[in-house]
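Each chain, written out:
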Amino acid sequence: MSSDPLFQPLSIGTMRLSNRVVMAPMTRFHAPGGVLKEEVVPYYSRRAAGGVGLIITEGTVVDHPVAHYSQTVPHFYGDTALARWREVVDAVHAEGGQIIPQLWHTGLSRLRDKAHNPDEPSISASAITEEAVGAPPSEKHRPAREMEARDIDDVIAAFAKGAADAKALGFDGLAIHGAHGYLLDQFFWHQSNRRQDAYGGTLENRVRFAVELVSVVRAAVGPDFPIFFRFSQWKSHDYKAQIAATPDELARILQPLADAGVDVFDASTRRFWQPAFEDSDLNLAGWAKKLTGKLVMTVGSVSLEDPANFTPGAPVSAVTIANLAPLRQMLEAGEVDLAGVGRAIIANADWAHLVREGRYDALRAYDPTAVAASLEPA
Ligand SMILES: Cc1cc2nc3c(=O)[nH]c(=O)nc-3n(C[C@H](O)[C@H](O)[C@H](O)COP(=O)(O)O)c2cc1C
């Protein structure tokens, strides 16, 4: 058996991973009307055949009228959309892979003019605009409506339904998107959460919505079905934002989520090697593990030379192996358990096989402009 820490097995509840390489969730806008195009099925199964231990799907929206980012992101509801997801699951399993869906509600960040129900206002923790939380000025921005108790119940019910469907479709677990300034994160962050009630104010209050949601999702899937939870400091419009200024604040966010039923914290950072707080080398995932004792996934520019941003038109990111050494050290030291790889796996469906075999020269650069045109290169 390989001694490479990237290629050690791991069990999480009912999930049996053959290695620690995870394809990070990546929206591809290939689902007109909410149904994944047929070519998305081999896009995922090729990555399973390429050796990744686990695939986290692109964000897929729960069954709520104003959850959608745009018209071209996949739904996680409706017979046609779910039937296509089942094809994806079966194709990934046929290649020996494991796969979980990333359940998503965009809240304020919804592209209202391009999304479902454009006449309906978006919802968020508070009645704010994107401009108010750091987005560049645009006449498109319109305030969201502050969520009432009924909205909170509806969104939780939508996630619970998605969770039950994930299990019924044969997915190996599920992931909840609580990062990047989307709905759950809009509650976490003091800039976007200006509520005066039990869901606003203190950190304990700001995490309450997500904690209730995780508890209901856990009840919907039973005790052993793996639940991943993605969180981040950064927001799409503000890379310097923080939901936790100190480890103590991070613990006050993550521990209640762990108690509610999260199995794995996916700490989304843009550069995995950067320390999260002063006076320690631990990165954000490392802190999540130290504070909660839960399994964690790190992510952010794994095997990418240029930590460019994720926006279309960003420069080509050369592939490097320089940062695989510190990644392996973190895994070996037990600071982190899983390694998320995003753009490098878009460019290299066979990333895991190539890295496992040391065939680094065969790794291809990530070129966002080329990839934007289609789902490949394979
Ligand atoms: C094209 C693209 C789409 C993305 N879509 C999502 C998404 O749907 N959900 C999410 O949580 N993160 C998303 N991300 C962030 C990635 O999951 C990952 O955290 C990020 O790309 C950093 O990893 P990398 O440097 O290995 O690419 C996306 C990133 C890219 C490049």
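Attention here is on the structure that accompanies the text. Values in this document were obtained by computation on a predicted structure and should not be read as measured data.

**A word on the packing of helix α6 (residues 208-221) against helix α7 (residues 247-260)**
At their nearest, the axes of α6 and α7 sit 8 Å apart, and the two run at 20° to each other. Considered as vectors, α6 and α7 are oriented roughly parallel to each other. In the packing of α6 onto α7, the handedness of the crossing is right-handed. Touching A210, V211, V214, S215 and R218 of α6 are P256, L257 and A260, all from α7. When grouped by side-chain class, the residues that make up the contact of α6 with α7 number six nonpolar, one polar and one charged.

**Quick word on the site of the ligand**
A24, T27, G59, G342 and R343 are the nearest of the 22 residues found near the ligand. Going through the elements one at a time, β4 (54-61) and α10 (343-347) are the ones with two or more residues in the shell around the ligand. Tallied by class, the residues present in the shell around the ligand amount to 10 nonpolar, nine polar and three charged.

**With respect to the environment of T298**
Summarising the element assignment, T298 is placed in strand β11 (residues 295-299). For T298, a count of 28 C-beta atoms within 10 Å corresponds to the buried category. Note: C-alpha distance between T298 and E335 (37 residues apart in sequence) is 9.5 Å. What T298 contacts, discounting residues up to four positions off in sequence, is A267, F272, N283, A285, M330, V336, A339 and G340.

About the cut-offs
Residues numbered from 1 in each chain as written. Predicted model: local features only at pLDDT ≥ 70, side-chain atom pairs only at ≥ 80, totals over all residues. Axes fitted to C-alpha atoms, helices over the stretch in contact; angles between N-to-C directions. Helix = DSSP H or I, 4+ residues; strand = E, 2+ residues; numbered from the N terminus. Parallel < 35°, antiparallel > 145°, perpendicular 65-115°, else oblique. Left-handed = near helix turned anticlockwise from the far one by under 90°. Contact = placed C-beta atoms within 7 Å. Nonpolar A, V, L, I, M, F, W, Y, C, P; charged D, E, K, R; others polar. Near = placed C-beta within 6 Å. Buried ≥ 20, exposed ≤ 12 C-beta atoms within 10 Å, placed from the backbone.

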